[in-house]
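Residue-level listing of the chains:
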Amino acid sequence: MSSPDPQVRAARNDSAHPSPDHRPTTAPRAGRTPAARGPVVAVTGAASGIGALLTARLATSEEIKQVIAIDERRGECAEARWHILDVRDPAIAEKLRGADVVVHLALDLDLETDGAARTAYNVRGTQTVLTAAAAAGVHRVVLCTSTMVYGALPDNELPLSEDAELRATAEATGVGDLLEIERLARRAPRAHPGLNVTVVRPAVLVGGTDTALTRYFESPRLLVVAGSRPAWQFCHVDDLCSALEYAVLEKVDGELAVGCDGWLEQEEVEELSGIRRMELPSAVALGAAARLHRIGLTPSPAGDLAYTMYPWVVSGSRLHDAGWRPAHTNEEVLAELLEEVSGRHTVAGRRLGRKDATAAGAAGATVALLGAAAVVRRARKARRRI
């Protein structure tokens, strides 16, 4: 998954991991009794982000026998057994031998990554891990996508059932990759009999993450499209890790949505955040977003805007039925997100320096970007007439 902010990650690592000067070992932490019959779990993308948090959690669990950590660099969890390689390397099959479960978290959802390169990494990596897991005799693979795969649409029920049709399109950042991963997950048990695949879909992920949706709260004004019906459901990274652990321990399987209970209406978000809205007609907002992305002024395509316009809240009933509960509320997670992004200045998905943001003013920066798109469009039309 997208890597947490380095400062946030460092703070988490200081409390969760032993000193990086210690060499990785398979020996248990002092005072811990090794799990006699617990599963051996392999985690890809284990050196950073959600992968690092999950690796640390599993490595200290009494219910886990051993953790195999896989990444392109060594992480800080000394209790895990590390293998350094790219998840697209077929040699990963040998590294997975002896594992009972694989949690595949080596995904690139960075806004700044070239789209074609991101897709090549995400899809090829997932294909390789699924094939390698089957070849190595692994019986379960846990994949992580997003509730974004349901799509943000005006006729969505509130909340959606986990069995609802996946109606997203590939027009938002990384969603095309996630939909392809979902297709691979459905095909894998047919292609590899005996391999079970669990898919975990978090809501808007918060806790050191950087996405188009977290950047929405870095803006001086919250863009609201006239006539839209936003509904916000968040997921704290710690709750995602606990849900992934449930899947690892086979307390629940299938396709799982994970997030806080319920949702926040846009008016509640504005009241809690203290950030006022800037309302634009749909044609203006969507047209400007498309132009700004096309000319390279913003990293987010127009498709990202739909997720701030329409609901895509999911019930999460399967995890609840298995006894899992989120430790955080939407209000608490929003407060943490606002604290994380404090001091950052983003307009239309584009980060501004403090000087730029101050000079632009509250709504002026957005107007400037919209104006820039219009200027470029007029200039192109003028060149075509010459």
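Residues numbered from 1 in each chain as written. Predicted model: local features only at pLDDT ≥ 70, side-chain atom pairs only at ≥ 80, totals over all residues. Heavy atoms only, no water.

Looking at an unreviewed UniProt entry, one finds the protein chain named NAD-dependent dehydratase and attributed to Streptomyces toyocaensis.

The term disulfide refers to a covalent linkage connecting the sulfur atoms of a pair of cysteines. Taken as a whole and assessed by the stated rule, the structure comprises 0 disulfides. Free of any disulfide, Cys-144 has its nearest cysteine sulfur in Cys-235, 8.3 Å distant. Between Cys-235, a free cysteine, and Cys-260, which holds the nearest cysteine sulfur, the sulfur-to-sulfur gap is 6.7 Å. (Disulfide = S-S within 2.5 Å.)

Time to look at the packing of helix 8 (residues 266–273) against helix 11 (residues 330–341). Their axes nearest at 11 Å, the elements helix 8 and helix 11 cross at an angle of 50 degrees. In this view, helix 8 runs oblique relative to helix 11, as classed from their interaxial angle. Between helix 8 and helix 11 lies a crossing of right-handed hand. Residues Val-269, Leu-272 and Ser-273 of helix 8 lie in contact with helix 11, whose contacting residues are Glu-331, Leu-334 and Leu-338. When the residues that make up the contact of helix 8 with helix 11 are grouped by side-chain class, the tally is 4 nonpolar, 1 polar and 1 charged. (Axes fitted to C-alpha atoms, helices over the stretch in contact; angles between N-to-C directions. Helix = DSSP H or I, 4+ residues; strand = E, 2+ residues; numbered from the N terminus. Parallel < 35°, antiparallel > 145°, perpendicular 65-115°, else oblique. Left-handed = near helix turned anticlockwise from the far one by under 90°. Contact = heavy atoms within 4.5 Å. Nonpolar A, V, L, I, M, F, W, Y, C, P; charged D, E, K, R; others polar.)

The next point concerns helix 8. All of the buried residues in helix 8 are Gln-266, Val-269, Glu-270 and Ser-273. The buried side chains of helix 8 occupy one side of the element, clustering within an arc of 95 degrees when seen end-on. Of the surrounding elements, those touching the buried residues of helix 8 are strand 8 (222–225), strand 9 (231–232), strand 12 (264–265), strand 13 (277–280) and helix 11. Downstream of helix 8 by a residue or two, Gly-274 has a phi angle that is positive, lying close to 75 degrees. (Buried < 20%, exposed > 50% of the residue type's maximum accessible area, 1.4 Å probe, protein only. Arc of directions from axis to C-beta.)

Its 12 residues place the ends of helix 7 (residues 237–248) 16 Å apart at the C-alpha level, agreeing with the 16 Å of an ideal helix rising 1.5 Å per residue. Along helix 7, 11 of the 12 residues are buried, which leaves the element largely enclosed by surrounding structure. For helix 7, the complete set of buried residues consists of Val-237, Asp-239, Leu-240, Cys-241, Ser-242, Ala-243, Leu-244, Glu-245, Tyr-246, Ala-247 and Val-248. Backbone geometry just downstream of helix 7 places Glu-250 in the positive-phi region, at approximately 60 degrees. (Expected span 1.5 Å × (residues − 1).)

Ranked by size, the top nonpolar core spans 63 residues in total, and within it Leu-96, Phe-217, Trp-232, Phe-234 and Tyr-307 carry the most contacts. Tallying contributions element by element places helix 5 (residues 175–191) first for this core, with 7 residues. (Core = buried A, V, L, I, M, F, W, Y, C linked by side-chain atoms within 4.5 Å.)

Okay, the packing of aromatic side chains next. Tallied over the entire structure, the rule returns 6 aromatic pairs. Their ring planes at 65 degrees and their centres at 5.0 Å tell us that Phe-217 and Trp-232 sit as a pair that is edge-to-face. Of this pair, Phe-217 sits in the loop between helix 6 (212–215) and strand 8 while Trp-232 sits in strand 9; the two residues are 15 residues apart in sequence, bridging distant segments of the chain. Ring centres of Tyr-307 and Trp-312 lie 5.0 Å apart, and the angle between their planes is 85 degrees; this geometry places the pair in the edge-to-face category. Each residue in the set Tyr-216, Phe-217, Trp-232 and Phe-234 is aromatic and connected to the rest through ring pairs, giving one cluster. Sitting over the face of the ring of Tyr-246, Lys-251 holds its NZ or CZ atom 4.8 Å from the ring centroid. (Phe/Tyr/Trp six-rings, centres within 6.5 Å; stacked < 30°, edge-to-face > 60°. Lys NZ or Arg CZ within 6 Å of the ring centre and 35° of its normal.)

Here we take up the pattern of salt bridges. For the structure on display, the rule yields 16 salt bridges. A network of salt bridges, in which partner residues are shared, links Glu-267, Glu-270, Arg-277 and Glu-279. (Salt bridge = Lys/Arg side-chain N within 4 Å of Asp/Glu carboxyl O.)

With that out of the way, let us pick up the environment of Ala-80. Its place among the elements puts Ala-80 in the loop between strand 2 (66–71) and strand 3 (81–84). Using a relative accessible area of 0% as the deciding quantity, one classes Ala-80 as buried. For the pair Ala-80 and Ala-56, spaced 24 residues apart in sequence, the C-alpha separation works out to 8.3 Å.

This part covers the side chain of Asn-156. Relative to the elements of secondary structure, Asn-156 occurs in the loop between strand 5 (140–144) and helix 5. Asn-156 gets classed as buried once you look at its relative accessible area, which sits at 5%. Among the polar contacts made by the side chain of Asn-156, one reaches the side chain of Arg-167 at a distance of 2.9 Å. Leave out the neighbours within four places in its chain, and Asn-156 touches Gly-151, Arg-167, Arg-229, Pro-311 and Trp-312. (Polar contact = N/O pair within 3.5 Å; in protein donor to acceptor, adjacent residues only side chain to side chain.)

Looking now at the environment of Ile-92. Note on placement: Ile-92 falls in helix 3 (residues 92–95). When the C-alpha positions of Ile-92 and Ala-132 are compared, they lie 6.5 Å apart, and in sequence the two are 40 residues distant.

We now examine the sheet that holds strand 3. Read from one edge to the other, the open sheet built from 7 strands follows the order 3-2-1-4-5-6-11, with strand pairing classed as parallel. Looking at the sheet topology across the chains shown, the edges are occupied by strand 3 and strand 11 (255–258). Pairs of neighbouring strands in the sheet enclose a mean axial angle of 20 degrees, with direction left out of account. Sheet analysis places strand 1 (residues 40–44) next to strand 4 (residues 101–104), joined by 4 bridges and oriented parallel. Bridge assignment links Val-43 to a residue of strand 4, and that residue is Val-103. Sheet contacts for helix 4 (residues 115–135): strand 1, strand 4, strand 5 and strand 6 (196–202); angle to strand 4, the most-contacted strand, approximately 180 degrees. (Pairing = 2+ DSSP bridges.)

For His-192, the position within the fold is in the loop between helix 5 and strand 6. Setting aside anything within four residues of it in sequence, one finds His-192 in contact with Leu-130, Thr-131 and Ala-134.

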